[in-house]
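# Architecture and fold: a report
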Amino acid sequence: MPSLPPDPADSLDRVRAILAPLDRAQKSELFELVRAGHLENAQMTTEVGRLIVAMLNGPRTEHARRVWTGWFDPVLLRTDALILAEARLPACLHVLDAGAWWFALQPHLGDLPGQVQADIAQRASERPLDVVLGSSAAAHWAEELRVRSLAVLRRRSGLGALLAAANAERDALLRKRGIRGALPLTFADLATLDSMLEHAPLWKTAARPRDSASAVRLVSGMVERSGLPDGGLLYALTQLNASRDADQALAFHNLFPSSPVLEASIGHLQFAWQALRQKLEDIHLGRSAPPQLTAGETAERLLERAFRWYDALQGLGIARGDRNWTLVSMAVGRVTGLVESEVIPAINHRLLTFSMTASPVVLKERVRFINRFNQGLARRGIAASPSPWAPAAGEHLAGLFRQIGAGGHKDGHEDALPLLARLCELAEEIGQPVEVTAIDKTLLAIVESALREGRELDAGESRLIERVVAVSTEERRKCRWWVSDELVSLLDAAQQRGIGAVPG
């Protein structure tokens, strides 16, 4: 009995299983080989080609929307931070904004979206969608959609309804993404959309610049080719929104002096200080900040960026008394007011109620951050108070230091030195160092034990040991004829570890 020919469906299932682990580039390369006729079976060539196309294209079906939003690919914001800014920034177009604008515009474009959808879908049934979207046919449709959209945006009537429809769709998209508190789109954003569609051909094929220098070169080339600065300026503002880099703002301002770059820089300064303020509220006061606002950045990194924008604004010519200075002063003032009225009292309370069961490391970092913050204010001539830490906090930490020492002595010293070292670091951060004396035999015993163990010491432990050895050495110098056995034994252990002066 002759064998039955293999079932084509079974063959395709086996091919699908083989293709599944391949990445996109490998599938694309394989498609080109199949398309070039490297399979002997003509029927399988067609079927395997369609299978690879289906795997490459996936579930993407909104082709008309993709063709339209392609104009904005080089300028779209894809991270969510700026969408939560308390004031909208110039040239700010988020990927969710683009989707909302398309939803609002589509009903006003007649049968054009349907024609685009059908044509791209038919082409994508035979070719990878990325190839289709890069074709001359897609470029033709994109231009048709751009021109028709501009005509709709420049009508004198119906723009209010268009804006309302965009905001309704955007609200739904924001909820799906878990974003709350975003400002609505305004007529200014409608004008931004108009300008972007007008100038989009200028940057359609532009790659995202790697750094500020390449961004400046790219913008300069755009202006030189077009002969008009508006498109290059708009593109520059979008890149500034993407990078939030103060150095880039300075570079763009050199290209476009007395331009919206200054307005955008003020907006970025406001946002930098807003993000810092809300992060501090989250950390210290339990007022949860939206996770998208800082994207996991530390308070230290946010502080660095906030001060960098403050410094950059000076470089852009904004000084005290300038009409724009009020906006800068208000942004900084909201943070300084929060720190002075709520954050510092909260940390002082933790210092005064700190117990031996807690770790001083986190509290030390919070104190250190406030110290850096105040030092940064002082260096820039912004009002900063003297030491904000309660005097009683130093006394409390010194009392804990003595308690831990006594407990460590009774329990064999094992964990006492690390705790004592952390407490000393915390006390030094608040400017009230714990006093170390050579008559504290418990402390001498703890330090000697750590030295004789021979274990590796961290920086804080080493500093505490050096302090104890230094005061013990001085005590021995002053009392040449008699010192305690504990002190002599400690100095002997220190000498063996190479710490302190060699006794005379």
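By convention here, each chain's residues receive numbers from 1 onward along its written sequence. Thresholds applied to this predicted model are a pLDDT of at least 70 for local features of residues and 80 or more for the giving and counting of side-chain atom pairs; totals over whole chains, interfaces and linings are not thresholded and use all residues. Hydrogens and water are ignored here; the side-chain numbers use all heavy atoms of the structure.

### Some words on the overall build of the protein
Rules: Helix and strand definitions follow DSSP, with helices as H or I runs of at least four residues and strands as E runs of at least two, each counted in order from the N terminus. For every residue, the accessible area (1.4 Å probe, protein chains only) is compared with the maximum for its type, and the residue is labelled buried under 20%, exposed over 50%, or partly exposed between those bounds. The contact criterion used throughout is that any non-hydrogen atoms of two residues lie within 4.5 Å. Accessibility throughout is a Shrake-Rupley quantity obtained with a 1.4 Å probe, and a residue counts as covered only by protein chains that appear here.
Regarding its fold elements, the protein presents 23 helices and zero strands. The proportion of buried residues among the 504 residues of the protein is 47%. Of all intrachain contacts in the protein linking residues separated by at least 6 positions in sequence, the fraction that spans at least 24 positions is 73%. Of the roughly 25200 Å² of accessible surface on the protein, 54% is carried by carbon and sulfur atoms.

### Notes on the packing of helix α11 (residues 212-226) against helix α13 (residues 246-255)
Between two packed helices, both the angle of their axes relative to each other and the distance between the axes serve to describe the pair. Heads up, the condition is: Only the contacting stretch of a helix is used when fitting its axis, a line to C-alpha atoms as for every element, and angles between N-to-C directions run 0 to 180 degrees. These descriptions rest on fixed angle ranges, namely under 35 degrees for roughly parallel, over 145 for roughly antiparallel, 65 to 115 for roughly perpendicular, and the rest for oblique. Crossing handedness: left-handed means the near helix sits turned counterclockwise from the far one by under a right angle, and right-handed means the same turn made clockwise. Residues are sorted three ways: Asp, Glu, Lys and Arg are charged, Ala, Val, Leu, Ile, Met, Phe, Trp, Tyr, Cys and Pro are nonpolar, and all the rest, Gly among them, are polar.
Packing of α11 against α13 brings their axes to within 10 Å, and their N-to-C directions diverge by 25°. Compared by their axis directions, α11 and α13 come out roughly parallel. The handedness of the crossing between α11 and α13 comes out as right-handed. Along its contact with α11, which presents Ser-212, Ala-215, Val-216, Val-219 and Ser-220, the element α13 presents Gln-248, Ala-251, Phe-252 and Leu-255. Its residues assigned to classes, the contact of α11 with α13 shows six nonpolar, three polar and no charged.

### Points about unusual backbone geometry
Phi is mostly negative for residues that are not glycine, and the peptide bonds are mostly trans. One non-glycine residue, Ala-91, lies in the positive phi region at around 60°. Mapped onto the elements of the fold, Ala-91 is located in the loop between α4 (63-69) and α5 (95-105). The exposure class of Ala-91 is buried, given its relative accessible area of 6%. Phi is positive for Ala-295, close to 50°, though the residue is something other than glycine. Mapped onto the secondary structure, Ala-295 falls in the loop between α15 (291-294) and α16 (299-315).

### Regarding the packing of aromatic side chains
We count it as follows: Each aromatic pair joins two rings of Phe, Tyr and Trp (for Trp, the six-membered one) with centres within 6.5 Å, and gets the label stacked for planes under 30 degrees apart, edge-to-face for over 60, and tilted for any other angle. In our convention, an over-ring charge means Lys NZ or Arg CZ found within 6 Å of a ring centre and within 35 degrees of that ring's normal.
If you walk through the whole model with that rule in mind, you get six aromatic pairs. Ring plane angle 70° and centroid distance 5.1 Å describe the contact between Trp-68 and Phe-72, whose orientation is recorded as edge-to-face. Overall, Phe-72 belongs to the buried group, its relative accessible area being 0%. Ring-pair connections join several aromatic residues into one group, and the members of that group are Trp-68, Phe-72 and Trp-102. In this structure, Arg-146 packs its charged tip against the face of Trp-71, placed 5.5 Å from the ring centre.

### Here's the deal with the environment of Met-196
By secondary structure assignment, the location of Met-196 is in helix α10 (residues 187-203). Taking relative accessible area as the criterion, Met-196 reaches 0% and is therefore assigned buried. Other than its neighbours up to four places away in sequence, Met-196 contacts Phe-72, Val-75, Ala-91, Leu-93, Trp-203, Leu-234 and Thr-238.

### Some points on the packing of helix α17 (residues 325-352) against helix α18 (residues 360-379)
In contact at an axis separation of 11 Å, α17 and α18 are set at 150° when each is read in the N-to-C sense. Considering the angle they form, α17 stands roughly antiparallel to α18. Judged by the sense of rotation from one axis to the other, the crossing of α17 with α18 is left-handed. Along its contact with α17, which presents Val-335, Thr-336, Val-339, Val-343, Ile-344, Ile-347, Arg-350 and Leu-351, the element α18 presents Leu-363, Arg-366, Val-367, Ile-370, Phe-373 and Leu-377. Tallied by class, the residues present in the contact of α17 with α18 amount to 11 nonpolar, one polar and two charged.

### As for the side chain of Gln-239
The line we're drawing: Counting of polar contacts relies on pairs of N or O atoms within 3.5 Å, with two restrictions inside protein: one atom must be capable of donating a hydrogen and the other of accepting it, and residues adjacent in sequence are counted only when both atoms are side-chain atoms.
Mapped onto the elements, Gln-239 comes out in helix α12 (residues 229-243). Of the residues examined, Gln-239 reaches a relative accessible area of 5% and is grouped as buried. Of note is the side chain of Gln-239, whose polar atom sits 3.2 Å from the backbone oxygen of Pro-74.

### Observations regarding the confidence of the model for the protein
This is how it is decided: pLDDT expresses how confident the predictor is about each individual residue, on a scale running from 0 to 100.
Per-residue confidence for the protein averages 85 on the pLDDT scale, and 85% of its residues sit at or above 70. The least confident element of the protein, judged by mean pLDDT, is helix α3 (residues 42-57) at 56; the most confident is α5 at 97. Of the regions scoring below 50 in pLDDT, residues 1-7 engages in one contact with residues more than four places distant in sequence or in other chains.

### Here's the deal with the side chain of Glu-425
Secondary-structure assignment places Glu-425 in helix α20 (residues 416-429). Glu-425 sits in the buried class, given a relative accessible area of 9%. A polar atom in the side chain of Glu-425 sits 2.7 Å from the side chain of Arg-463. Excluding its chain neighbours within four sequence positions, the residues that come into contact with Glu-425 are Lys-364, Gly-460 and Arg-463.

### Here's the deal with the pattern of salt bridges
In plain terms, the rule: Note on definitions: salt bridges are taken to be side-chain nitrogens of Lys or Arg within 4 Å of carboxyl oxygens of Asp or Glu.
Applying the stated criterion across every chain yields a total of 29 salt bridges. Two residues, Glu-62 and Arg-65, come together in a salt bridge whose shortest N-O distance is 3.5 Å. The residue Arg-368 makes a salt bridge to Glu-365 at a minimum N-O spacing of 3.4 Å. Placement of both Arg-368 and Glu-365 in helix α18 is noted, with a separation of three residues, approximately one turn of the helix. Look at Arg-368 and you get partly exposed, because its relative accessible area is 23%. The class of Glu-365 is partly exposed, set by a relative accessible area of 29%. Linked through salt bridges whose partners overlap, the residues forming this network are Lys-364, Arg-422, Glu-425, Asp-458 and Arg-463.

### Describing helix α14 (residues 260-285)
The test is simple: Every helix has an expected span of 1.5 Å times one less than the residues it contains.
Over its 26 residues, α14 runs 36 Å from end to end, which matches the ideal 38 Å to within 8%, given 1.5 Å per residue. Across the 26 residues of α14, 20 count as buried, placing the element largely inside the fold. Gly-286, located one to two residues past α14, shows a positive phi value of around 75°.

### Points about helix α6 (residues 112-124)
Applied cut-off: The arc under discussion is defined with respect to the helix axis, by the directions toward the C-beta atoms.
Here α6 is 13 residues long and its end C-alpha atoms lie 18 Å apart, about the 18 Å a rise of 1.5 Å per residue gives. For α6, the full list of buried residues reads Leu-112, Pro-113, Val-116, Asp-119, Ile-120 and Ala-124. Seen from one end, α6 has its buried residues packed into an arc of 140°, which puts them on one side.

### Considering the environment of Glu-62
Here Glu-62 lies in the loop between α3 and α4. We classify Glu-62 as partly exposed; its relative accessible area is 48%. For the pair Glu-62 and Gln-117, spaced 55 residues apart in the sequence, the C-alpha separation amounts to 7.2 Å.

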